[in-house]
Amino acid sequence: MKIGEVAKHTGLSVKSIRYYHDIGLVCGERNEAGYRVYRHRDIESLKFVHQCRDLGFSLEDCKLLLGLRNNDSRNAEDVKQLTRNHLAYVEEQIGKLQNLRSQLQQMVSECQGGDQPHCAIIDSLNHQH
């Protein structure tokens, strides 16, 4: 299957598929005309990577997970630990976003708005570190 068809089947952009090929994540074979051709196994791997990326896994983690997926003698604990680490990262990011939301809510509540030139938001931003 050529790359355009693969994009339709996987939900990935052609650019992403090419990038994954270039970094050695999922590689199609080149035919006589030089086009990348993807087999069913490659398409399933691309779908897997797409799902991993949708869950926020890094490309490095995707490569590890893909390797574990393709290893019949894998240790499920390795998969669990990798996912546990990613979950900790996501929870950290959520905490940062909640703090950011709180700061922004505070700034909005302190600003009176209107036609006046004084703005508590600008004042607050001027005093941030």
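Residues numbered from 1 in each chain as written. Predicted model: local features only at pLDDT ≥ 70, side-chain atom pairs only at ≥ 80, totals over all residues. Heavy atoms only, no water.

A. Seen up close, the packing of aromatic side chains. Considering all chains together, one arrives at 1 aromatic pair under this definition. Ring geometry for Tyr 19 against Tyr 20: centres 6.3 Å apart, planes inclined by 50°, an arrangement best described as tilted. Tyr 19 gets classed as partly exposed once you look at its relative accessible area, which sits at 43%. In this structure, Lys 2 is placed above the aromatic ring of Tyr 35, and the distance from its NZ or CZ to the ring centre is 4.9 Å. The side chain of Arg 69 reaches across the aromatic face of Phe 48, ending 5.1 Å from its centre. (Phe/Tyr/Trp six-rings, centres within 6.5 Å; stacked < 30°, edge-to-face > 60°. Buried < 20%, exposed > 50% of the residue type's maximum accessible area, 1.4 Å probe, protein only. Lys NZ or Arg CZ within 6 Å of the ring centre and 35° of its normal.)

B. How the structure looks around the packing of helix α3 (residues 40–54) against helix α4 (residues 59–69). Remark: α3 packs on α4, axes separated minimally by 10 Å, with the N-to-C direction vectors making an angle of 135°. Here α4 runs oblique to α3, going by the angle between their axes. You can see that α3 and α4 cross each other, and the crossing is right-handed. Across from Glu 44, Ser 45, Phe 48, Val 49, Cys 52 and Arg 53 in α3, the residues of α4 making contact are Leu 59, Cys 62, Leu 65, Leu 66 and Arg 69. Split by residue class, the contact of α3 with α4 holds 7 nonpolar, 1 polar and 3 charged. (Axes fitted to C-alpha atoms, helices over the stretch in contact; angles between N-to-C directions. Helix = DSSP H or I, 4+ residues; strand = E, 2+ residues; numbered from the N terminus. Parallel < 35°, antiparallel > 145°, perpendicular 65-115°, else oblique. Left-handed = near helix turned anticlockwise from the far one by under 90°. Contact = heavy atoms within 4.5 Å. Nonpolar A, V, L, I, M, F, W, Y, C, P; charged D, E, K, R; others polar.)

C. Geometry of a nonpolar patch on the surface. On the surface, Leu 97, Leu 100 and Leu 104 cluster together into a nonpolar patch covering about 280 Å² of accessible area. Structurally, Leu 104 is set in helix α5 (residues 76–110). Accessibility expressed as a relative area gives 46% for Leu 104, which makes it partly exposed. (Patch = residues over 30% accessible without salt bridge, like charges linked within 9 Å, V, L, I, M, F, W, Y side chains within 5 Å. Areas by Shrake-Rupley, 256 points an atom, 1.4 Å probe, with all protein chains shown as cover. Salt bridge = Lys/Arg side-chain N within 4 Å of Asp/Glu carboxyl O.)

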